[in-house]
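The primary structure of each chain is shown beneath.
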Amino acid sequence: MLDLLQQSGRRRPNADERGDFTSLESGDHLDQPTFHARYTAAPEDVKAELIGGVVYMSAALRRPHGRSSGLLLHWLVAYEGETPGVEVYDNTTTILGEDSEPQPDACLIIQPECGGQMRVTEDDYLRGAPELVCEVASSTESYDLHSKKRDYERAGVREYLVIALRQQAVFWFVNRDGKFAEKRPDADGIFRSEVYPGLWLDPAALIQRDVRRLQAVLRTGLATREHIDFAAQLAAGRATGAGDNATAS
């Protein structure tokens, strides 16, 4: 079984690195290389993010967060299963830029060889902007919808989904000319991704944790001609070697 460190996308530090560890504290102002060095050397029960050059330490997560996060991942994995060429990541360190290294609850990327904008570093971290980032926000809502949203916007994340548990609301933002614009559900109450054809979401079903409705709406999206054509486009991209430079330093 993979240990927790591997699952979160962090490499286990060696003894020398542990000996050099300088603790992280909420509110520290650091650049990304300094934060990354300290974080990879931290004990494995530490979870931290760098947002706009400021360190944020995660609090203990309550049951509603875990339940919503689980359903979110279930929805994304079901889409991946029907769309070869995309990948879901859970709680994985993502290097966005000089002062930003978040660990989003989930993200969905287009594989580099299929033309996606994400890359993988030589030591197996994600670098660059995922096409879709998802966050479950409760105690983190104050920055998920503000400073972290600005970091994702600036990095070029194409779509950003936030499940705001205190508000019992789902927010979906689309990057238009470098700025996030809030997307509204269509007349039938369904969100339809502009980046991932067929990725349909009933926000009410997600908030109410109605698994059957969540699955039914996604299945309808997956059956559309738009999704079938998108899957064929990804396959063609892989065949022609799009995105050959799949590893970033």
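Presented here is a report on the structure given in the accompanying data block. Bear in mind the structure is a predicted one, so any value in this text is a computation, not a measurement. (Residues numbered from 1 in each chain as written. Predicted model: local features only at pLDDT ≥ 70, side-chain atom pairs only at ≥ 80, totals over all residues. Heavy atoms only, no water.)

1. Looking at the pattern of salt bridges
Tallied over the full model, the rule gives 11 salt bridges. Across the pair Lys-148 and Glu-135 runs a salt bridge whose closest N-O atoms are separated by 3.0 Å. Remark: Glu-135 occurs in strand E8 (residues 132–137) and Lys-148 occurs in helix H6 (residues 147–155); sequence separation between them is 13 residues. In terms of burial, Lys-148 and Glu-135 fall into one category: buried. (Salt bridge = Lys/Arg side-chain N within 4 Å of Asp/Glu carboxyl O. Helix = DSSP H or I, 4+ residues; strand = E, 2+ residues; numbered from the N terminus. Buried < 20%, exposed > 50% of the residue type's maximum accessible area, 1.4 Å probe, protein only.)

2. Describing the pairing of strand E9 (residues 159–164)
For a regular strand, side-chain orientation follows a simple rule: the groups alternate between the two sheet faces. Across the six residues that make up E9, a large majority, six, are buried. Alternating residues of E9 divide into Glu-159, Leu-161 and Ile-163 and Tyr-160, Val-162 and Ala-164, and every residue in both groups is buried. Alignment of E8 against E9, held across six bridges, turns out to be parallel. Across the sheet, Leu-132 pairs through a bridge with Glu-159, a residue of E9. Note: E9 against strand E10 (residues 169–176), six bridges, orientation antiparallel. Following the sheet pairing, Tyr-160 is matched in E10 by Phe-173. (Pairing = 2+ DSSP bridges.)

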